[in-house]
Amino acid sequence: MHDNFATMDNDDILRLVMVRDFIAGQGWFDMTQYRLLPPDGVVMHWSRYVDLGVAAIIVPLSWLVSMDTAEQLAVTIWPTLIFTAHVAVIGFGTRRIFGDLAACFALAIMVIWPTSAYLHSGAGNIDHHNVQMLMMTLVAFALIWPNRVLAAGVIAGIAAAFSLAVGLEALPFIVVAGAIALVRHLVDRSQESRRFLVAFCLSLGFAAILFWLGQTAPALRGIGKCDQLGLPALSLIGVAVVASVLAGALSRFGSGIAFAAAVGATGVGVVLIWPWLAPCIDGPYGALPADLQSFISTRITEAQPAYRFLRNNPAGFVVFTLPILMVVIAGAILIRRGGTPRAALVVLWVLSLLGLAMVLYQMRTVIMAAAVIPILGGIVIAQALEVYLRTRAPGAAVIWLALATMIISPTLIAQQIRIFMAEDDDEPRPELAEECRGYQALAGLNAVPKGRFITPMNIGPSVLWATHHEVMSAGYHVDPTILINSLQPYQLPEDEMAAFLRASGANLLLMCADTTYENDFPTALAAGAQVDWLRPVAVEAGDLLVFEILPQ
């Protein structure tokens, strides 16, 4: 794990750096990464709660082994614990509502489908997405739990609030879950559905406030943040809670009256909170320059819509989206043919359909689908098998086998796609090859006196983790400067690149040898060219090239 951790996702790497600083004494409310764009640093939009979980493993282990070993054990143990809890929830929950056979297939999907088993749950995955998936799964089960509706509503509200506290990516899922609870009550107007709705809404509202207070510095609580739990999200939650509770209270007078009250309260509420909400309408990237927004949506994989991801990575598209598509289609057929319990199936299908729609919009939202696809997927595969066992029809066997393959192990299909789309060995080296992110190469940079690096986008956090250096560039939207620093200098001709680097505040430039960049000049530098304003630094760092930026 130690040698491979530098090649993990940037969020995992930088979170470990943040945890290190937290253990070393940085304040609970201080989410600044001071070695990124020093001296002021960059305030990250993450949650201390996840840092606390990782730190709670590292600290006691450090009493027994070295700190480096404790860190690498912790980044393996933490995602394993989250995944184990997620597997237990999927297994026991599916068995309780849909039976043993469905639970077995749900678990098979959970541990084999790469989206749920590996993407955010493997060793080293200490970012918050696995926590969000677990919380969304709890919300889904609470919505369909057959008894103890009050407890289910409280659990759903707290889980939803914690999911939002660690990151707002699950906000559409929480909104749809709340809408399901509201519509269900307006349809049946039962005491049970009202109790769930009220319990869910009040628990969500109070828990969200408590989690927000627990992780937000008092001085920052009046600032509207669009990419984390803050006043905009809290105000939106408040409007939804008031509208839903009001509808629940008025439903005894008729569903129409209750619905009208909910719509009216929502409209008035949105008008009242619009000053906080308006700046967030364009999403977390809305404040960035247009060229950076375009780069994020076209070049960063997780931010791409499905059609662009399909064009760039057909095999990966099959792995991530084929099970979602098949479960949505098969789930609709099952519901239409009278599958039971019908209400629970409809809820899971709606949430799965949401997951599919969100993936088509942006690939990073696949976590919403991953929270419920194993459940509904296990059900539809189990139902298909039961049809075959009952009829022994060859067609039923083919359907069951096809469903099981496409949902549980889409990698078998993706492998065949990769064979027909084999990469060209003569293709130019990408802008940051994995060899340049290896630990041994990065550790070699420690032989260079402490400096401030301009680096390609996907190596900045690795440099922070593996070395004593500071970094002026990284792929995060929280400060446009660090994003620009990671992109622009590698796209410029010589004179413009020299002016940019000298004005950046950095004294060192990092490149990957023999890399093809978008401009001929940085490509020539990577191939060994020399200029009088960049002094090569002799260092044993694998394929990494270090240049000292000389003043004019």
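One can find the structure itself at the top, above this paragraph.
Residues numbered from 1 in each chain as written. Predicted model: local features only at pLDDT ≥ 70, side-chain atom pairs only at ≥ 80, totals over all residues. Heavy atoms only, no water.

Peer 1: So what exactly am I meant to see when it comes to the state of the cysteines here?
Peer 2: Considering all chains together, one arrives at 2 disulfides under this definition. Covalently, Cys 226 is tied to Cys 280 through a disulfide, its sulfur atoms 2.0 Å apart. Looking down the S-S bond of the Cys 226 and Cys 280 bridge, the torsion is -75°, so its handedness is left-handed. Remark: Cys 280 occurs in the loop between helix 11 (255-277) and helix 12 (290-299) and Cys 226 occurs in the loop between helix 9 (191-215) and helix 10 (231-250); sequence separation between them is 54 residues. Using a relative accessible area of 17% as the deciding quantity, one classes Cys 280 as buried. Disulfide pairing is shown between Cys 436 and Cys 512; the S-S distance is 1.8 Å. Its S-S torsion of approximately 70° makes the covalent link between Cys 436 and Cys 512 right-handed. Here Cys 512 lies in strand 5 (residues 508-512) and Cys 436 lies in the loop between helix 18 (411-420) and helix 19 (439-443), a separation of 76 residues in the sequence. Overall, Cys 512 belongs to the buried group, its relative accessible area being 0%. Numbered by position along the chain, the disulfide-linked cysteines of the protein connect as 1-2, 3-4. (Disulfide = S-S within 2.5 Å. Helix = DSSP H or I, 4+ residues; strand = E, 2+ residues; numbered from the N terminus. Buried < 20%, exposed > 50% of the residue type's maximum accessible area, 1.4 Å probe, protein only.)

Peer 1: For this particular structure, what's the right way to read the pairing of strand 5?
Peer 2: Successive side chains on a regular strand alternate, one facing one side of the sheet and the next facing the other. Taking burial as the measure, the 5 residues of strand 5 include 5 buried ones, the bulk of the element. Along strand 5, one buried face is formed by Leu 508, Leu 510 and Cys 512 and the opposite face, lined by Leu 509 and Met 511, is buried too. Two strands pair when backbone bridges link them, and strand 3 (residues 452-454) and strand 5 are joined in this way by 2 bridges, in the parallel orientation. Each residue of the ladder has a partner; that of Phe 453, found in strand 5, is Leu 508. In this structure, strand 5 lies alongside strand 7 (residues 544-549), joined through 5 bridges in antiparallel fashion. Counterpart to Met 511 in the pairing with strand 7 is Leu 545. (Pairing = 2+ DSSP bridges.)

Peer 1: Mind showing me how you'd approach the sheet that holds strand 6 (residues 534-536) here?
Peer 2: Sheet strands pair by backbone hydrogen bonding; their relative direction is either parallel or antiparallel. Taken together, the 5 strands give an open sheet; going across it, the order is 4-3-5-7-6, and neighbouring strands pair in mixed fashion. Edge positions in the open sheet fall to strand 4 (470-471) and strand 6, since each of these has one partner strand only. Pairing of strand 3 with strand 4 involves 2 bridges; the strand directions are parallel. Note that in strand 4 the partner of Phe 453 across the bridge is Val 471.

Peer 1: Explain the packing of helix 1 (residues 10-23) against helix 2 (residues 48-62) here, please?
Peer 2: Relative placement of two packed helices is described by the angle separating their axes and the distance separating the axes. In contact at an axis separation of 9 Å, helix 1 and helix 2 are set at 70° when each is read in the N-to-C sense. In terms of their interaxial angle, helix 1 and helix 2 are classed as roughly perpendicular. Pair helix 1 / helix 2 crosses with right-handed handedness. Contacts between helix 1 and helix 2 involve Arg 15, Leu 16, Met 18, Val 19, Phe 22 and Ile 23 from the former and Arg 48, Val 50, Asp 51, Leu 52, Val 54, Ala 55, Ile 58 and Val 59 from the latter. (Axes fitted to C-alpha atoms, helices over the stretch in contact; angles between N-to-C directions. Parallel < 35°, antiparallel > 145°, perpendicular 65-115°, else oblique. Left-handed = near helix turned anticlockwise from the far one by under 90°. Contact = heavy atoms within 4.5 Å.)

Peer 1: Sorry if this is basic, but what is going on with helix 3 (residues 67-98) here?
Peer 2: In an α-helix, one turn spans 3.6 residues, which is why side chains three or four residues apart end up on the same side. In this model, helix 3 (32 residues) spans 45 Å end to end at C-alpha, consistent with the 46 Å of a helix rising 1.5 Å per residue. In the stretch just after helix 3, Gly 99 is the one whose phi turns positive, near 105°. (Expected span 1.5 Å × (residues − 1).)

Peer 1: Can you help me understand the side chain of His 128 in this one?
Peer 2: Within the secondary structure, His 128 sits in the loop between helix 5 (114-117) and helix 6 (129-144). Looking at His 128, its side chain comes within polar contact range of the side chain of Glu 169, at 3.1 Å. Look past the residues within four positions of His 128 in its chain and what remains in contact with it is Arg 15, Val 50, Val 166, Gly 167 and Glu 169. (Polar contact = N/O pair within 3.5 Å; in protein donor to acceptor, adjacent residues only side chain to side chain.)

Peer 1: Explanation requested: unusual backbone geometry in the structure shown.
Peer 2: For residues that are not glycine, phi is negative in most cases, and the peptide bond is trans in most cases. With an omega of 5°, the peptide bond running from Pro 38 to Pro 39 counts as cis. With respect to the helices, strands and loops of the structure, Pro 39 is situated in the loop between strand 1 (32-33) and strand 2 (42-43). Here the amide bond leading from Thr 340 into Pro 341 is cis, since omega sits at -10°, within 30 degrees of zero. You can see Pro 341 is positioned in the loop between helix 14 (314-336) and helix 15 (342-361). Not every positive phi belongs to a glycine, and Asp 514 is a case in point at roughly 60°. Within the fold, Asp 514 resides in the loop between strand 5 and helix 23 (520-526).

Peer 1: It is not clear to me how the pattern of salt bridges should be interpreted in this structure. Could you clarify?
Peer 2: Side chains that differ in charge, positive against negative, can pair when their charged atoms come close. With the rule as written, the count across this model stands at 9 salt bridges. Note that Glu 470 is salt-bridged to Lys 450, the shortest N-O span being 3.9 Å. In this pair, Glu 470 is assigned in strand 4 and Lys 450 in the loop between helix 19 and strand 3, connecting sequence segments 20 residues apart. Lys 450 sits in the exposed class, given a relative accessible area of 54%. (Salt bridge = Lys/Arg side-chain N within 4 Å of Asp/Glu carboxyl O.)

Peer 1: Could you clarify how one ought to interpret the packing of aromatic side chains in this entry?
Peer 2: Aromatic rings considered in pairs are described by the distance between their centres and by the relative angle of their planes. For the structure on display, the rule yields 13 aromatic pairs. On the numbers, 6.0 Å between centres and 50° between planes, the contact of Phe 309 with Phe 320 is tilted. Of this pair, Phe 309 sits in helix 13 (residues 306-312) while Phe 320 sits in helix 14, and the two are 11 residues apart along the sequence. Comparing Phe 309 with Phe 320 shows no difference in burial state: the two are buried. In textbook terms, an aromatic cluster arises when at least three aromatic residues are bridged by ring pairs, as seen for Phe 22, Trp 28, Tyr 49, Phe 162 and Phe 211. (Phe/Tyr/Trp six-rings, centres within 6.5 Å; stacked < 30°, edge-to-face > 60°.)

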